[in-house]
Amino acid sequence: MGTSDTPTVGIVGAGAMGRGIAQVAATGGCKVLLHDARSDATDEALTFIGGMVDRAAEKERMTVEAAEEAKRLLTKAEGIDAFAECDVVIEAVSEDMGLKAKVFAALEAATDEACILASNTSSLSITRLAAACSHPERVAGFHFFNPVPLMPLVEVIAGVRTEPSVIDRLVELGKVMGRTPVRVADAPGFLVNQVGRGYTLEATNLVAEGVAAFVDVDRIMRDAAGFRMGPFELLDLTALDVTHPASIEIYEQSYHEPRFRPAMLMGQRMQAGLLGRKTKQGHYAYVDGKQQRPEEPEAPGFEGGTFWVEPGEDAAALQEIVRASGAELDEGERPAGDSIILIAPLGLDASTHAARAGQDPERTVAVDPLFGFKGRRTVMQTIVTRPEVMRKAHAMLAQDGMPVTPIKDSPGFVAQRIIAMISAIGASVAQNAIATPEDIDRAVKLGLNYPNGPLEFADTLGPARIVQILEGMSDCTGDPRYRTGPWLRRRAALGVSATTVEPAPRA
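Residues numbered from 1 in each chain as written. Predicted model: local features only at pLDDT ≥ 70, side-chain atom pairs only at ≥ 80, totals over all residues. Heavy atoms only, no water.

A. Structural context of the sheet that holds strand E5 (residues 116-119). With mixed pairing, 8 strands are arranged side by side in an open sheet as E3-E2-E1-E4-E5-E6-E7-E8. Pairing within the sheet leaves two strands with one partner each, and these edge strands are strand E3 (74-76) and strand E8 (180-185). Averaged over all adjacent pairs, the angle separating strand axes in this sheet is 25°, with direction ignored. Here strand E2 (residues 31-35) runs beside E3; their pairing, made up of 3 bridges, is parallel. (Pairing = 2+ DSSP bridges. Helix = DSSP H or I, 4+ residues; strand = E, 2+ residues; numbered from the N terminus. Axes fitted to C-alpha atoms, helices over the stretch in contact; angles between N-to-C directions.)

See below:
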């Protein structure tokens, strides 16, 4: 970076993101000039950062000497002209293209042509922002995640005209700041925010369709799929007035790509002011900052019964659950007239699967097999399953103490729908060469705290199973957002890893 051993970094904007970037830059040994249009905001930010590094020293996360050095490296810039000697200037103002364009115009006039101009935007096009500049080749995205000191990822985004050396220099600067940089081509939502739509939008659509309640979706995704936070807990944390407008921006920029179609319910709840933790009411209520989560109803009492399990890949595991519960297992080739029928479809709804298999839909209950019936079991009725059949299946499946969530009929249950969408978007990112498969998985785990990256999910569960789920959902709904792209389809057909990269053609 630059000609000095210590890079000089300018930051425009002293809000939460700007001050976080300033903190990690200073603790990484960079000289930092911080500027905000409101002078008091800069003073407040410098005081805040000083307090944060002092606290880190008190907790022995850094030495007292390192904390003092970081504070020494932080300087207030009274105006844009103070950035004349900077190696890099990072813009961290509001997500407004007009405002950012004005900032970049001023930065171009104030800095040397060798200075990199980077934007911390989370959703606006780097190419479009650079197009308003006289030297678009030195403009790039440098997208940090909030809270910056705790989030290890930074996306380094190349616009269409960004010089490759600019990306190389920002990657090195990201490492100096103690972040893990991933290289990303300019695209709507870049990498992480594209994949994140699969989790929150699909979950919201599930609730809007009446398949399950907010709390049930969260329980399934935490307990069965292994996520640290359910999608609605996450939406309450990030706030709907941030997430929904970003979804609209990604959808518009992608020329209405169906996978990014905003959820009407999310927009309605935003308009109603149910934003999340910051308004004390979102998908959950919050009292003194604590989430008020409804208690889970007790499972029905187990009174026995006879169960027939449809043959298939997951039949043996379901049969063992039936035997262990003390229920009677019907081992006939076809179910007896009084047996409850258990099926384990991938991608299909219970009604469609029962009809295709010629099973009695009034006695049929579907169980989600995607994560092997561990952590939490999801049971799904057909549209005509008798209530007592559903109750007996629920009781039997909960007999060993495993929590069970009943839902209404839906192609792909809950976890299948959400995981398949995450994998489909991740595969699309790879197919469009926005990032490498390795960086896609790395970025999603670091930026979103998912238990697996989208392509890792496909490999762990099987690319062919993910394709089967997507095709089933597409067939049942006719919705193009569930289409299977060539990246996953080819790898499933060949039986190879979802992260497999085809070799470059030779002349």
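After presenting the structure, the write-up continues.
B. The arrangement of the packing of helix H7 (residues 192-208) against helix H10 (residues 240-253) in detail. Where H7 contacts H10, the two axes come as close as 11 Å, and the packing angle between them is 120°. In terms of orientation, H7 lies oblique with respect to H10. Considering how the two elements wind past one another, H7 and H10 form a crossing that is left-handed. Facing H7, whose interface residues are Asn-193, Arg-197 and Leu-201, H10 presents Thr-243, Ala-246, Ser-247 and Ile-250. (Parallel < 35°, antiparallel > 145°, perpendicular 65-115°, else oblique. Left-handed = near helix turned anticlockwise from the far one by under 90°. Contact = heavy atoms within 4.5 Å.)

C. Highlighting the sheet that holds strand E13 (residues 340-343). Spatially, the 6 strands line up as an open sheet ordered E12-E11-E13-E14-E15-E16, and their pairing is mixed. In this open sheet, the two edge strands, each paired with only one partner strand, are strand E12 (328-330) and strand E16 (404-407). Taken pair by pair, the neighbouring strands of this sheet meet at an average axis angle of 30°, ignoring direction. Examined bridge by bridge, strand E11 (residues 306-309) and E12 share 3 bridges and lie parallel to one another. Paired with Trp-308 across the bridge in E12 is Asp-330.

D. Here's a closer look at the packing of helix H15 (residues 415-431) against helix H19 (residues 486-494). Following both chains from N to C, one finds H15 and H19 inclined at 100°, their axes separated by 8 Å at the closest point. As the angle between them shows, H15 and H19 are arranged roughly perpendicular. Touching Ser-423, Ala-424, Ala-427, Ala-430 and Gln-431 of H15 are Pro-486, Trp-487, Leu-488 and Arg-490, all from H19. The residue makeup of the contact of H15 with H19, split by class, is 6 nonpolar, 2 polar and 1 charged. (Nonpolar A, V, L, I, M, F, W, Y, C, P; charged D, E, K, R; others polar.)

Limitation: the analysis is restricted to geometry and does not speak to function.
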